[in-house]
Amino acid sequence: MTGYRLLLFAGLLLAMNTNAQKNGMPSGLRTDLARNTGRVWKNGLAVNVSLEQARKAPHVFQATRIASARPRFSWIMNSDERGAAQTACQILLASSPQQLKSGTGDVWNSGKVATSQQSGVVYSGPQLKPNTVYYWKVKLWDHRGAPTAFSKPVSFLTDSVLEPYQVPAVPLVKTVQRPILHAVLHNQNLFYDFGKAAFGQLRLLAGAAGERDTLWIQVGEAIDATGAVEKKPAGTIRYQRLAIPLKKGLHSYAPIFPPDKRNTGSKAIRMPGYIGEVFPFRYVEIEKTNAPVAVKSLERYAVHYPFDDAAVEFESSDTLLNQVWDLCKYTIKATSFAGVYVDGDRERIPYEADALINQLSHYAVDAEFNMAPRSLAYLIYNATWPTEWSLQNLLIAWNDYWHSGDIRTVKMLYRELKPKILLALARPDGLISTRTGKQDSAFTASIHLTSFNGNIVLKDIVDWPQKGGFGLPSSAPGESDSFVFTDYNSVVNAFHYEALVCMQKLAMALGEKADAIFYASQAAKVKAAFQRSFMDPRRGIVKDGETTEHASLHANMMALAFDLVPQQNRAAVIAYIRTRGMACSVYGSQFLLSALYDAGEAGYGLELLTAKGKRSWYNMLRTGSTMTTEAWDTEYKNNQDWNHAWGSAPANIIVGKLMGVAPLSPAFETVEIKPRPGPLRHARLKLATLKGNVQVVFSKTAGSFQMETGLPANTSGTICLPRQSDADRIFKDGRKIAATADGSFWVIKNVQSGAAQWRVDYK
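Attention in this report is confined to the structure presented alongside it. (Residues numbered from 1 in each chain as written. Predicted model: local features only at pLDDT ≥ 70, side-chain atom pairs only at ≥ 80, totals over all residues. Heavy atoms only, no water.)

## Quick look at the overall build of the chain
Next, step 1: Along the backbone of the chain there are 17 helices and 29 strands.
Next, step 2: Against the 2.2 N^0.38 benchmark of 27 Å for 763 residues, the chain shows a C-alpha radius of gyration of 27 Å, consistent with a compact globule.
Next, step 3: Oriented by its inertia axes, the alpha-carbon framework of the chain measures out at about 80 × 75 × 60 Å.
Next, step 4: Counting all 763 residues of the chain, 60% fall into the buried class.
Next, step 5: The long-range fraction of contacts in the chain, counting pairs at least 24 apart against all pairs at least 6 apart in sequence, stands at 71%.
Next, step 6: Of the side chains in the chain, 85 bear a positive and 66 a negative charge, and the two mean positions are spaced by 4 Å. (Helix = DSSP H or I, 4+ residues; strand = E, 2+ residues; numbered from the N terminus. Rg over C-alpha atoms; globule rule 2.2 N^0.38 Å. Buried < 20%, exposed > 50% of the residue type's maximum accessible area, 1.4 Å probe, protein only. Contact = heavy atoms within 4.5 Å. Lys, Arg positive; Asp, Glu negative; His and termini not counted. Charge placed at Lys NZ, Arg CZ, Asp CG, Glu CD.)

Next up, the structure:
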């Protein structure tokens, strides 16, 4: 598709999306950020049952449970008028559909309230009752004072116990899937391919002539050279062989996967009873039997957290980049099977580092905002042992608030978040160390760290795996670029600095002004100490520690990602980073790519995203995985798995950095669109937010850059266009405009909602 046709397509798409709901009723209603609160499931499968019926039979049916005594309401304003804004709203909450339809709002009628707020509007009526179904709708007034119709009504069910605040309990669901391929192998075994691996269960319809027949089934994530299910996969790529005793006649069978000792241990997240045990597989092989057995049908029940496949769309002129996007997007959906962010199938344990990347990429592929705070609340009290992981709790907390606009989880956990910054391990200049005897029992208790695989103290990790682990030769370099560990570690202190920055911003959001001043002061102190201690004055790059001259990729990329590199050293640090390639793990790539794009290295960032060596997402695709893998290859971690979402960094990098769509205020009330295309010729993105869809399409040539944007109603934005020189000419909707030069961008602020066309002509 040419750039012109792509732009034309985008314009039509914007028109379709907006004109269909011109000044129409509000949509996308949420209660405590939960979607589809009126839906009901039975054992994970959607059923046509009312919420009232589900309330009466909680052991039979599943539904989202709202546990907050005073939930918050959100909606999307729909208008195609440029600059459309909400100026007032009215919410009706009723005890029955009939009461709501009558317009009385017998539980709560907010009346017309002058406000532009459309997300996180607090319920202010009488105390809600536990285990009760409520119905609500909302009406808006726009910037001209014109009212909309009331929205379609939605319902929600309260939990059996109501707390001042609690993240909603959203049930896991099952999607019924059928194979995309059915074949007969050379050994006469039946072979089925579902196209992608999923955490699921199997159901088949089979007919047997006798009473003593047994069907042997093999399931797995990989196939061998003959095209059969791989019987001895590498690492912890999954395979199982199951026996199904058959009954005479035609019957339905649902083989049960036996629980794995490793991923059902005391620290693992267990599957709920209404779902049952799951197993990650793509392929099924049914062994030929001596007796006549006919397999009539075969289905997979894929288990996942509710996911909107249409919420986010991305495509570009680079077909490999598109494949990487699809890989990462699907990974987030498929690995959500536990209801909180876990590390994959081998352990099914939540880890803070996994959760951070899961969270960022989840926001990039679906407008879902409850899984992250649920995961954070779990991790606060179930800490893991790496030092950097503790610090990343603060990054998770900040991203939760910034993307959802909901500060309640942070407020609830505020006291518990403070020790996670690890100030107890600091020396007078602010730098922290885990190796100077400060980890006593009081400290570990304060961060809720208990014995974890024999460790009862924090240990610096930098990247994973480290040198010579997991059955690899002792000489195997690991993923930390030969990082030299010293008492004071530059990577740990880079995360410590970022944690302080996040905590300062969270304290401000909570109105804790004294805390905000303290954390800002502490962050400034740490930044100064970091630059004194870790910047090499001769080479101008970042050292691994105070007592070593060694400089790794990690020391430099983390410092660059968290704005710790002095301006005069940035060129040297970037040049050094470029010499190291992808000398980090799939986890480390999150921070490497983020640092590169923010430093103006979009071309090199795209080169890494679309690389074809072993250390690449292409290699994940080439090996046959349909989810991101735990490591670049089993060569680097011989027990790796094929379902690890901490490898999904490209999802959030594509949205937030390459396409440049990010919130400038909580919940995208103001939006930044700052594309960094590098050599990419054209691309388009539709990103769902709590305010509605943000849409971006760009097309570039040697002489110009063209872009169409669509901002949802009741938002505003800042548009940043790639800049070459002061001689550039900037156009909006075909008319020449002035813009502010800011480095390699032209910046236009206070852009109204609605569709707009932009062009920069270069000379």
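## Describing the packing of aromatic side chains
The way to describe two aromatic rings as a pair is by their centre distance and the angle between their planes.
Next, step 1: Overall, the coordinates contain 27 aromatic pairs when judged by the stated rule.
Next, step 2: Ring geometry for Phe-73 against Trp-108: centres 6.4 Å apart, planes inclined by 25°, an arrangement best described as stacked. Pair noted here: Phe-73 is in strand E5 (residues 72–76) and Trp-108 is in strand E7 (residues 108–109), with a separation of 35 residues, a long-range link. Trp-108 matches Phe-73 in its accessibility class, with the two residues each being buried.
Next, step 3: Put simply, the rings of Phe-73, Trp-108, Tyr-123, Tyr-134, Trp-136 and Phe-156 pair up and form one aromatic cluster.
Next, step 4: The ring of Phe-150 is capped by Lys-137, whose NZ or CZ atom sits 4.8 Å from the centre of that ring.
Next, step 5: One Lys or Arg, Arg-300, reaches over the ring of Phe-281 and ends 5.6 Å from the middle of that ring. (Phe/Tyr/Trp six-rings, centres within 6.5 Å; stacked < 30°, edge-to-face > 60°. Lys NZ or Arg CZ within 6 Å of the ring centre and 35° of its normal.)

## Structural notes on unusual backbone geometry
Next, step 1: Look at the link from Trp-464 to Pro-465: it is a cis peptide, with omega at 0°.
Next, step 2: Looking at the element boundaries, Pro-465 is found in the loop between helix H9 (441–446) and helix H10 (490–510).
Next, step 3: You will see that Arg-348, though not glycine, has its phi angle at about 55°, which is positive.
Next, step 4: The buried category is assigned to Arg-348, whose relative accessible area is 2%.

## Side note on the pattern of salt bridges
Next, step 1: The tally for this structure, following the rule as stated, stands at 36 salt bridges.
Next, step 2: For Arg-676, the salt bridge is made with Asp-598, and the minimal N-O distance between the two is 3.7 Å. Here Asp-598 lies in helix H14 (residues 589–598) and Arg-676 lies in the loop between strand E22 (670–673) and strand E23 (682–689), a separation of 78 residues in the sequence.
Next, step 3: Taking the relative accessible area as the measure of exposure, Asp-598 reaches 41% and is therefore partly exposed.
Next, step 4: Within this structure, Arg-238, Asp-260, Glu-277, Asp-345 and Arg-348 form a network of salt bridges that share partners. (Salt bridge = Lys/Arg side-chain N within 4 Å of Asp/Glu carboxyl O.)

## Let's talk about the sheet that holds E5
Two pairing modes exist for strands in a sheet, parallel and antiparallel, and in both the strands are linked by backbone hydrogen bonds.
Next, step 1: The three strands are arranged E1-E5-E9 in an open sheet whose pairing can be described as antiparallel. Edge strands, defined here as strands with exactly one partner in the open sheet, are strand E1 (27–31) and strand E9 (121–122).
Next, step 2: Bridge count between E1 and E5: three bridges; the pairing is antiparallel. Following the sheet pairing, Ser-27 is matched in E5 by Ile-76. (Pairing = 2+ DSSP bridges.)

## Re the side chain of Gln-201
Next, step 1: Tracing the backbone shows Gln-201 in strand E14 (residues 190–208).
Next, step 2: Relative accessible area serves as the criterion here: at 12%, Gln-201 is assigned to the buried category.
Next, step 3: In terms of polar contacts, Gln-201 uses its side chain to reach the backbone carbonyl oxygen of Glu-277, at 3.0 Å.
Next, step 4: When near neighbours in sequence (up to four residues on either side) are disregarded, Gln-201 contacts Lys-174, Phe-257, Ile-275, Gly-276, Glu-277, Val-278, Phe-281, Glu-299, Arg-300 and Tyr-301. (Polar contact = N/O pair within 3.5 Å; in protein donor to acceptor, adjacent residues only side chain to side chain.)

## Concerning the side chain of Arg-238
Next, step 1: Along the chain, Arg-238 falls in the loop between strand E15 (214–220) and strand E16 (239–245).
Next, step 2: The exposure class of Arg-238 is buried, given its relative accessible area of 13%.
Next, step 3: A distance of 2.6 Å separates the side chain of Arg-238 from the side chain of Asp-345, its partner in a polar contact.
Next, step 4: Look past the residues within four positions of Arg-238 in its chain and what remains in contact with it is Val-219, Gly-220, Glu-221, Pro-233, Asp-260, Asn-263, Phe-279, Pro-280, Asp-345 and Arg-346.

## Describing helix H12 (residues 553–561)
An α-helical turn contains 3.6 residues, so any two residues separated by three or four positions project in the same direction.
Next, step 1: Of all nine residues making up H12, eight are buried, and the element is well covered by its neighbours.
Next, step 2: Within the span of H12, buried status applies to Leu-553, His-554, Ala-555, Asn-556, Met-557, Met-558, Ala-559 and Leu-560.
Next, step 3: Packed against the buried residues of H12 are H10, helix H11 (513–534), helix H13 (570–580) and H14.
Next, step 4: Positive phi appears at Asp-563, one or two residues downstream of H12, with a value of about 60°.

## Looking at the environment of Phe-337
Next, step 1: Positionally, Phe-337 belongs in the loop between helix H4 (319–334) and helix H5 (352–365).
Next, step 2: Spatially, the C-alpha atom of Phe-337 lies 8.6 Å from that of Val-278, the residues being 59 residues apart in sequence.
Next, step 3: Apart from the residues within four sequence positions on either side, Phe-337 is in contact with Leu-172, Phe-199, Met-271, Val-278, Val-303, His-304, Val-342 and Arg-348.

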